[in-house]
Amino acid sequence: MTLPGQLNPPPRLLLGPGPSDAHPRVLAAMSTPLLGHLDPNFLELMLETQELIRLAYQTKNPLTFPISATGMAGMEACIVNLIEPGDRMVICFKGFFGQRMIDVAGRTGAQLTILEKTWGDVFDLNEIRETLQKVRPKVLGIVHAETSTGAWQPIEELGKLCHEFGTLLLVDAVTSLGCIPLNVDAWEIDAVYSCTQKGLGCPPGLSPISLSPRAEEAMAKRKTKVQSWYLDLTMIRTYWGSDRAYHHTAPISMIYALREGLRIVHEEGLDNRWKRHFRNHQAIKAGLLALGLTYTAKEGHQLPQLNAVRIPAGVDDLVIRKRMLNEFGIEIGGGLGDLKGKAWRIGLMGYNSKPSAVFQLLAALELCLRGAGVAVQPGAGVAAAEAVYLA
Ligand SMILES: *Cc1c(COP(=O)(O)O)cnc(C)c1O
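Please read all numbers here as calculations on a predicted model, not as lab measurements.

**Topic: the pattern of salt bridges**
Counting across every chain of the model gives 18 salt bridges. Measuring nitrogen to oxygen at the nearest pair gives 2.6 Å for the salt bridge that ties glutamate 268 to arginine 276. When its relative accessible area of 23% is taken as the criterion, glutamate 268 is described as partly exposed. One salt bridge in this structure joins lysine 285 and glutamate 299, with 2.7 Å as the shortest N-O distance. Residue lysine 285 is located in helix α10 (residues 270-290), and its partner glutamate 299 is located in the loop between α10 and β11 (306-310); the two are separated by 14 residues in the primary sequence. Taking the relative accessible area as the measure of exposure, lysine 285 reaches 14% and is therefore buried. We classify glutamate 299 as exposed; its relative accessible area is 62%. When salt bridges that share partners are traced, they join Arg25, Glu260, Arg263 and Glu267 into one network.

Structure (structure tokens):
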């Protein structure tokens, strides 16, 4: 065979549901030389990384570290370590990732109770209370930022509610960490997982997780072994704890990346970071509405970092997304599940939540929409976003 050429990826602006662009400082950190995974210098970096994760989650949980795989592995790790066959679990299902949770939990032999909502909706605490009272589950699982619909689920009071019934709260924060407020200790969250490639400005590859002392207690009471060897936290914690026992070789460069990504998060400050995401969301939202698009999630529950909008009638999803990619180097996401072919998902996450991305997206999308015959006032999207920034 002729050897494939040297790697030369085309320039892209990744404004889909993830991955989003990595911060240049993160990419630089990843290209520094490897250390051994038991090197005292690396062990120091691990401790620092754990502390930075705790700071980002706003938690003191000792059991906090990254799982060596993507967000889905964080989901699976939390579920298989908390659930034994026959345990009752309630899952709040209102989009694609809630469905994933059902699939993962179903395989553990959990007795599932599913609370269902139309895609794009969010749950009200009272609806959940009734089910908790009736079922008294060991765990309740919910997605904080449902990336498939762009809906922002309020969870501030949910931990307290779960604890009234002796239930542990499991939260999917894959698209929320680094983008919107998340306060693990104050909100009494017992198990939380995220990823590196959405809000933290890193490549995909790690899933930072954190489990509360309550969750640790539940794990200590297990009668059966965790069904997954690789994701068994009782073993992984011996490497991330003081024993430093070998479990699997840590993905060194990814830990460098996460450490640098989190350093950038904390240099900016969590509050500033959330404000930045909100401001750029207001601008892109004004622009998208001016282009005649409407959000799939309800007013008041729209995620700043994931703008999901309905595709106008008569417009071909793929034609537009291909044009955005090929002519402008901009990636946006299509719809998932119930919204397949019906929605675009525009991410402004982490490093990519910035005015330059907002303007590029709005200008390019306007051209594509007009090209597809949609009546749009020329410059309307850009002008509306500009008005937000100038206000
Ligand atoms: C992206 C995503 C996941 C899956 O994460 P991967 O890194 O793709 O494995 C899980 N939950 C939500 C809400 C997500 O947006």
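Still to come is the rest of the account.
**Side note on the packing of aromatic side chains**
Evaluation of the coordinates by the stated rule reveals four aromatic pairs. With 5.0 Å between their ring centres and 85° between their planes, phenylalanine 96 and phenylalanine 97 make a pair best called edge-to-face. Chaining the aromatic ring pairs together yields one cluster made of Phe65, Tyr239 and Trp240. The ring of phenylalanine 123 is capped by lysine 117, whose NZ or CZ atom sits 6.0 Å from the centre of that ring. Between the NZ or CZ atom of lysine 354 and the centre of the ring of tyrosine 351, over which it lies, the distance is 3.9 Å.

**Here we look at the site of the ligand**
Every residue near the ligand is listed here: Thr70, Gly71, Met72, Phe97, Val143, Ala145, Thr147, Asp172, Val174, Thr175, Gln197 and Lys198. Bound to the protein, the ligand loses 89% of the 380 Å² it would expose on its own. When the residues that make up the shell around the ligand are grouped by side-chain class, the tally is five nonpolar, five polar and two charged.

**Considerations on the packing of helix α3 (residues 71-82) against helix α4 (residues 96-106)**
Here α3 crosses α4 at 45°, and the two axes come no closer than 10 Å. When the axis of α3 is compared with that of α4, the two are oblique. Between α3 and α4 the crossing geometry is right-handed. Listed contacts from α4 to Met72, Met75, Glu76 and Ile79 of α3 are Phe97, Arg100, Met101, Val104 and Ala105.

**Considerations on the domain arrangement of the protein**
Interface size is commonly expressed as the accessible area that is lost once the parts come together. Taken as a whole, the protein is organised into domain 1 (24-266) and domain 2 (270-390). Domain 1 and domain 2 are separated by 29 Å when their C-alpha centres are compared. Across the interface of domain 1 and domain 2, roughly 2200 Å² is buried in total on both sides, 65% from carbon and sulfur atoms. Considering only the surface of domain 1 that becomes buried against domain 2, Trp119, Trp152 and Cys179 emerge as the three largest contributors, covering 23% of it. In this assembly, domain 1 and domain 2 are joined by one salt bridge. Aspartate 121 is the salt-bridge partner of lysine 298, the closest N and O atoms lying 2.5 Å from each other. Every element with two or more residues in the side of domain 1 that touches domain 2 is listed here: α2 (40-57), α4, β6 (145-146), β7 (151-152) and α9 (252-268). A class-by-class count of the residues in the side of domain 1 that touches domain 2 yields 17 nonpolar, 11 polar and three charged.

**Here we look at α10**
Between its terminal C-alpha atoms α10 stretches 30 Å, which fits the 30 Å expected from 21 residues at 1.5 Å a residue. Taken together, the buried positions of α10 are Leu270, Arg273, Trp274, His277, Asn280, His281, Ala283, Ile284, Lys285, Gly287 and Leu288. Of the surrounding elements, those touching the buried residues of α10 are α2, α9, β11, β13 (343-347), α12 (355-371) and α13 (380-390).

**A few points about the environment of leucine 233**
Along the chain, the position of leucine 233 falls in helix α8 (residues 233-240). The exposure class of leucine 233 is buried, given its relative accessible area of 0%. Taking C-alpha positions, leucine 233 is 6.8 Å from asparagine 81, a pair spaced 152 residues apart along the chain. Residue contacts for leucine 233: discarding those within four places in its chain leaves Phe65, Ile67, Asn81, Ile209, Leu211 and Met219.

**Structural notes on α2**
Three- or four-residue spacings in an α-helix give side chains the same orientation, since the helix completes a turn every 3.6 residues. Across its 18 residues, α2 extends 26 Å between first and last C-alpha, which sits within 8% of the 26 Å expected from 1.5 Å per residue. If you check which residues of α2 are buried, you get Phe42, Leu43, Leu45, Met46, Thr49, Gln50, Leu52, Ile53, Arg54, Ala56 and Tyr57. Residues of α2 that are buried in the fold lie against β2 (63-67), β9 (191-193), β10 (207-211), α8, α9 and α10. Regarding α2, its N-cap is aspartate 39, as a side-chain oxygen of that residue lies 2.7 Å from the backbone nitrogen of asparagine 41 further along. Glutamine 58 lies just past α2 and shows a positive phi near 55°.

What counts and how
Residues numbered from 1 in each chain as written. Predicted model: local features only at pLDDT ≥ 70, side-chain atom pairs only at ≥ 80, totals over all residues. Heavy atoms only, no water. Salt bridge = Lys/Arg side-chain N within 4 Å of Asp/Glu carboxyl O. Buried < 20%, exposed > 50% of the residue type's maximum accessible area, 1.4 Å probe, protein only. Helix = DSSP H or I, 4+ residues; strand = E, 2+ residues; numbered from the N terminus. Phe/Tyr/Trp six-rings, centres within 6.5 Å; stacked < 30°, edge-to-face > 60°. Lys NZ or Arg CZ within 6 Å of the ring centre and 35° of its normal. Near = heavy atom within 4 Å. Areas by Shrake-Rupley, 256 points an atom, 1.4 Å probe, with all protein chains shown as cover. Nonpolar A, V, L, I, M, F, W, Y, C, P; charged D, E, K, R; others polar. Axes fitted to C-alpha atoms, helices over the stretch in contact; angles between N-to-C directions. Parallel < 35°, antiparallel > 145°, perpendicular 65-115°, else oblique. Left-handed = near helix turned anticlockwise from the far one by under 90°. Contact = heavy atoms within 4.5 Å. Domains from an automatic or database assignment. Buried area = accessible area lost by both parts, 1.4 Å probe. Expected span 1.5 Å × (residues − 1). Polar contact = N/O pair within 3.5 Å; in protein donor to acceptor, adjacent residues only side chain to side chain.

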